[in-house]
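Here are the chains, one letter per residue:
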Amino acid sequence: MEPVPQAADATAFLAADEVIDHDHPLVRATAARLRAEAPDPHDYAEAAYTFVRDAIPHSADYGDPRVTWRASDVLEQRTGICHAKAHALTALLRAEGIPAGLCYQTLTDDGADPVLHGLVALKLPGHDRWARQDPRGNKPGVDARFSLREERLAWVPRPGLGERDCPGLYATPPPAVLTALRQAVDRTHLWWLLPTDLPDP
């Protein structure tokens, strides 16, 4: 699905802020290094995606208790859950002038224990639609890929179990998500704080 932008001003999806801090020296340096190997916008976007997906471990997969939320901290500490990794990818895309935002899915463990999963959507030059990407990180049973046409996300929602794609595309994390990330003392605590869904816009 194509998410619906929640910011009237398109420049919001290029802006730097406290979370998507693509004006930070580490974000800029990482973007420059990736761009040197992939000067074309499409190639750069795929390189940034692959870097965040593969070079920054998902903290739950590796038992890392640390909670990151600011893009530069995710790059420096090389850890984060899906939301944090989405912030890092969004920052790297915006650092090179590619509009990008945050979108979400509600997923469950076979119908129980719903969780809010963080994704990224980007719009490349010459493309008229937002394309969702999942930089969460692959593992057995998960094979997400960069794709501008057919989505290759980690999971496809199962409506019969209450799972769904949340329709909004956000320039900054929704307050409930950011508050949880900032207040959590560790990853276990974070699971209790994160919202399980978002209201439709």
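**Here we look at the layout of surface pockets**
Okay, step 1: Quantified by volume, the largest pocket comes out at close to 640 Å³.
Okay, step 2: Along its surface, the largest pocket is lined by 24 residues, and L107, D113, P114, V115 and W191 are the ones closest to its centre.
Okay, step 3: Ranked by the residues each element gives to the lining of the largest pocket, the list is headed by strand β3 (residues 112-122), at 5 residues.
Okay, step 4: Taken together, the residues that form the lining of the largest pocket break down as 12 nonpolar, 5 polar and 7 charged.

**Regarding the pattern of salt bridges**
Proximity of charged atoms lets side chains of opposite charge pair with each other.
Okay, step 1: Per the counting criterion, the structure on display carries 16 salt bridges.
Okay, step 2: Note that D61 and K139 form a salt bridge whose closest N and O atoms lie 3.7 Å from each other. Here the residue D61 occupies a position in helix α3 (residues 59-62), and K139 occupies one in the loop between β4 (131-133) and β5 (164-165), the gap between them amounting to 78 residues.
Okay, step 3: Under the relative-accessibility criterion, K139 is labelled partly exposed at 35%.
Okay, step 4: Where R132 meets E151, a salt bridge forms, and the shortest distance between an N and an O atom there is 2.7 Å. Taken as a pair, R132 in strand β4 and E151 in the loop between β4 and β5 lie far apart in primary sequence, 19 residues in all.
Okay, step 5: Given a relative accessible area of 3%, R132 falls into the buried group.
Okay, step 6: Among the ionic contacts, a cluster of salt bridges with common partners joins E18, R70, D73 and R182.

**Things to note about the side chain of S72**
Okay, step 1: Tracing the backbone through its elements, the reader meets S72 in helix α4 (residues 71-77).
Okay, step 2: The class for S72 is buried, based on a relative accessible area of 2%.
Okay, step 3: Among residues more than four places away in sequence, those in contact with S72 are D21, H24, L26 and V27.

**Topic: the state of the cysteines**
Okay, step 1: All told, the structure shown has 0 disulfides when counted by the stated rule.
Okay, step 2: With no disulfide partner, C82 has as its closest neighbouring cysteine sulfur the one in C103, 11 Å distant.
Okay, step 3: C103 takes part in no disulfide bond, and the closest cysteine sulfur to it belongs to C166, at a distance of 9.2 Å.

**Description of a nonpolar patch on the surface**
Okay, step 1: A contiguous nonpolar patch, built from W191, W192 and L193 and spanning about 390 Å² of accessible area, is present on the exposed surface.
Okay, step 2: Along the chain, L193 falls in helix α7 (residues 187-193).

**Section: helix α2 (residues 41-55)**
Okay, step 1: Across its 15 residues, α2 extends 20 Å between first and last C-alpha, which sits within 8% of the 21 Å expected from 1.5 Å per residue.
Okay, step 2: Here α2 has its buried residues at Y44, A45, A48, Y49, F51, V52 and R53.
Okay, step 3: Taken together, the buried residues of α2 touch α1 (25-37), α4, α5 (82-95) and β4.
Okay, step 4: The N-cap residue of α2 is D40: its side-chain oxygen and the backbone nitrogen of H42 are 2.9 Å apart.

**Considering the packing of aromatic side chains**
Okay, step 1: Enumeration over the complete set of coordinates arrives at 3 aromatic pairs.
Okay, step 2: Summarising the aromatic geometry, the rings of F13 and W130 are spaced 5.1 Å apart at their centres and angled 55° between planes, so their arrangement reads as tilted. Residue F13 is found in the loop between β1 (4-5) and α1, and its partner W130 is found in the loop between β3 and β4; the two are separated by 117 residues along the sequence. Across the pair, exposure class does not vary: F13 and W130 are buried alike.
Okay, step 3: Above the ring of Y44, the side-chain terminus of R35 is found at 4.7 Å from the ring centroid.

Rules used in this analysis
- Residues numbered from 1 in each chain as written.
- Predicted model: local features only at pLDDT ≥ 70, side-chain atom pairs only at ≥ 80, totals over all residues.
- Heavy atoms only, no water.
- 1 Å grid on protein atoms, 1.4 Å probe; cavity = no way out; pocket = protein on both sides within 12 Å on 5 of 7 lines; lining within 4 Å.
- Points joined across faces, edges and corners; volume = space filled by probe spheres on them.
- Helix = DSSP H or I, 4+ residues; strand = E, 2+ residues; numbered from the N terminus.
- Nonpolar A, V, L, I, M, F, W, Y, C, P; charged D, E, K, R; others polar.
- Salt bridge = Lys/Arg side-chain N within 4 Å of Asp/Glu carboxyl O.
- Buried < 20%, exposed > 50% of the residue type's maximum accessible area, 1.4 Å probe, protein only.
- Contact = heavy atoms within 4.5 Å.
- Disulfide = S-S within 2.5 Å.
- Patch = residues over 30% accessible without salt bridge, like charges linked within 9 Å, V, L, I, M, F, W, Y side chains within 5 Å.
- Areas by Shrake-Rupley, 256 points an atom, 1.4 Å probe, with all protein chains shown as cover.
- Expected span 1.5 Å × (residues − 1).
- Polar contact = N/O pair within 3.5 Å; in protein donor to acceptor, adjacent residues only side chain to side chain.
- Phe/Tyr/Trp six-rings, centres within 6.5 Å; stacked < 30°, edge-to-face > 60°.
- Lys NZ or Arg CZ within 6 Å of the ring centre and 35° of its normal.

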